[in-house]
Amino acid sequence: MSNIVEINGLYKSYENGNIKALNGIDLTIKEGEFVSIIGPSGSGKSTLLNMLGALDLPDKGSIKVAGYDLLSNKKLNEFRSQKIGFVFQLHNLIPNLSVVENIEIPMFTSKMSNSEMRSRALELLDIVDLKDKASLKPSKLSGGERQRVAIARSLANNPSIILADEPTGSLDSKTSTKILKQLIDLHKHEHVTLIVVTHDMDVAKLADRTIEVLDGKLVNAGDDSLLEDKINVE
Ligand SMILES: Nc1ncnc2c1ncn2[C@@H]1O[C@H](COP(=O)(O)OP(=O)(O)O)[C@@H](O)[C@H]1O
Ligand SMILES: [Mg+2]
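Residues numbered from 1 in each chain as written. Chains lettered and ligands numbered in written order. Predicted model: local features only at pLDDT ≥ 70, side-chain atom pairs only at ≥ 80, totals over all residues. Heavy atoms only, no water.

A closer look at the nonpolar core
Piece 1. If you look at the biggest cluster of nonpolar residues, it comprises 33 residues, and the most contacted ones within it are Ile103 and Leu125.
Piece 2. Of all the secondary structure elements, the ones that give two or more residues to this core are helix H3 (99-104), helix H4 (114-127), helix H5 (143-154), strand E7 (161-165), helix H6 (173-189) and strand E8 (193-197).
Piece 3. Broken down by element, this core gets its largest block of residues, five residues, from H6.
Piece 4. Not counting residues within four places of it along the chain, the set of residues in contact with leucine 125 comprises Val99, Val100, Ile103, Leu130, Lys131 and Ala134. (Core = buried A, V, L, I, M, F, W, Y, C linked by side-chain atoms within 4.5 Å. Buried < 20%, exposed > 50% of the residue type's maximum accessible area, 1.4 Å probe, protein only. Helix = DSSP H or I, 4+ residues; strand = E, 2+ residues; numbered from the N terminus. Contact = heavy atoms within 4.5 Å.)

In structure tokens form, the structure reads like this:
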């Protein structure tokens, strides 16, 4: 399997360098992997995820995702809309549109016809078990159901990678588990690489590999890649 993520010496600071959010990250992720990212609040998890999705750019280092060199590529909009599916803690659904219309939004940048968009949206709703709610407004759904809609929407354009930032952060643990199960089903069904930031160890454990972030550095990459550093220190 080839690497879908290759990050080397990545740095990112805010407030004129006073806040060092990422402090030299090296990370590779293989195509089709399910990776969880854990670490205390403020450790840089969201910053790292935002770099992966090109929502923000690093100060220094190199970052290649799904064949795009994010620091030299000019087509970052294309990258974001075609390669990445985003799921945030708040679902960000548009209240005036129905559930199925919300899922179609990302498809407007594609070349799909209206009927193709509708059938793809309904297929995704079926996977998250919400086909019967397709015509409702998001306000008629529970918090967990809205998050499942957001998960379905993240897959609209057949992304290579799903980036989920605390997708179950605002939900109770039973709903969280259900949502995670669906995210994992989708990851298997659609062969997507899945990267999930979570503070929930039960969620983190479900991943093939857990990466731990502390003060903008990886303290555990879930593999042997940091072993050499440790040996060098001793
Ligand atoms: N847009 C921003 N402007 C200023 N500081 C930021 C910004 N985004 C993140 N930070 C700071 O960078 C550090 C890492 O934040 P973040 O990546 O959100 O951590 P986490 O997701 O692990 O809680 C924190 O100190 C945070 O306050
Ligand atoms: Mg965060």
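The rest of the description comes next.
Remarks on the layout of surface pockets
Piece 1. Computed from the structure, the largest pocket encloses a volume of approximately 270 Å³.
Piece 2. In this structure, the largest pocket is lined by Arg80, Ser81, Ile84, Gly85, Phe86, Phe88, Asn92, Pro106, Arg153, Ser154, Ala156 and Asn157.
Piece 3. Residue assignment for the lining of the largest pocket shows that the elements contributing at least two residues are helix H2 (76-83), strand E6 (84-87) and H5.
Piece 4. At three residues, the largest contribution of residues to the lining of the largest pocket is made by E6.
Piece 5. Residue composition of the lining of the largest pocket, grouped by class: five nonpolar, five polar and two charged. (1 Å grid on protein atoms, 1.4 Å probe; cavity = no way out; pocket = protein on both sides within 12 Å on 5 of 7 lines; lining within 4 Å. Points joined across faces, edges and corners; volume = space filled by probe spheres on them. Nonpolar A, V, L, I, M, F, W, Y, C, P; charged D, E, K, R; others polar.)

Observations regarding the packing of aromatic side chains
Piece 1. Enumeration according to the criterion identifies two aromatic pairs in this entry.
Piece 2. Aromatic pair tyrosine 68 and phenylalanine 79: ring centres 5.2 Å apart, planes at 55 degrees, arrangement tilted. Of this pair, tyrosine 68 sits in strand E5 (residues 68-69) while phenylalanine 79 sits in helix H2; the two residues are eleven residues apart in sequence, bridging distant segments of the chain.
Piece 3. Residue classification places tyrosine 68 among the buried residues on the basis of a relative accessible area of 12%.
Piece 4. Seen from their ring centres, phenylalanine 86 and phenylalanine 88 are 5.8 Å apart, and the 5 degrees between their planes marks the pair as stacked.
Piece 5. Against the face of tyrosine 11 rests lysine 60, its NZ or CZ located 4.5 Å from the ring centre. (Phe/Tyr/Trp six-rings, centres within 6.5 Å; stacked < 30°, edge-to-face > 60°. Lys NZ or Arg CZ within 6 Å of the ring centre and 35° of its normal.)

Observations concerning the sheet that holds E7
Piece 1. One open sheet holds the six strands; their spatial order is E6-E7-E8-E3-E9-E10, and the pairing between them is mixed. Each end of this open sheet is capped by a strand with a single partner; those strands are E6 and strand E10 (217-220). Taken pair by pair, the neighbouring strands of this sheet meet at an average axis angle of 25 degrees, ignoring direction.
Piece 2. As defined by bridge partners, strand E3 (residues 34-38) adjoins strand E9 (residues 209-214) across four bridges and the pair is classed as parallel. Within E9, the position partnered with serine 36 by the bridge is threonine 210.
Piece 3. Packing against the sheet, helix H1 (residues 45-52) makes contact with E3, E6, E7, E8 and E9, and its axis sits at approximately 155 degrees to E7.
Piece 4. Relative to E8, H6 is tilted by about 155 degrees, and along the sheet it contacts E3, E7 and E8. (Pairing = 2+ DSSP bridges. Axes fitted to C-alpha atoms, helices over the stretch in contact; angles between N-to-C directions.)

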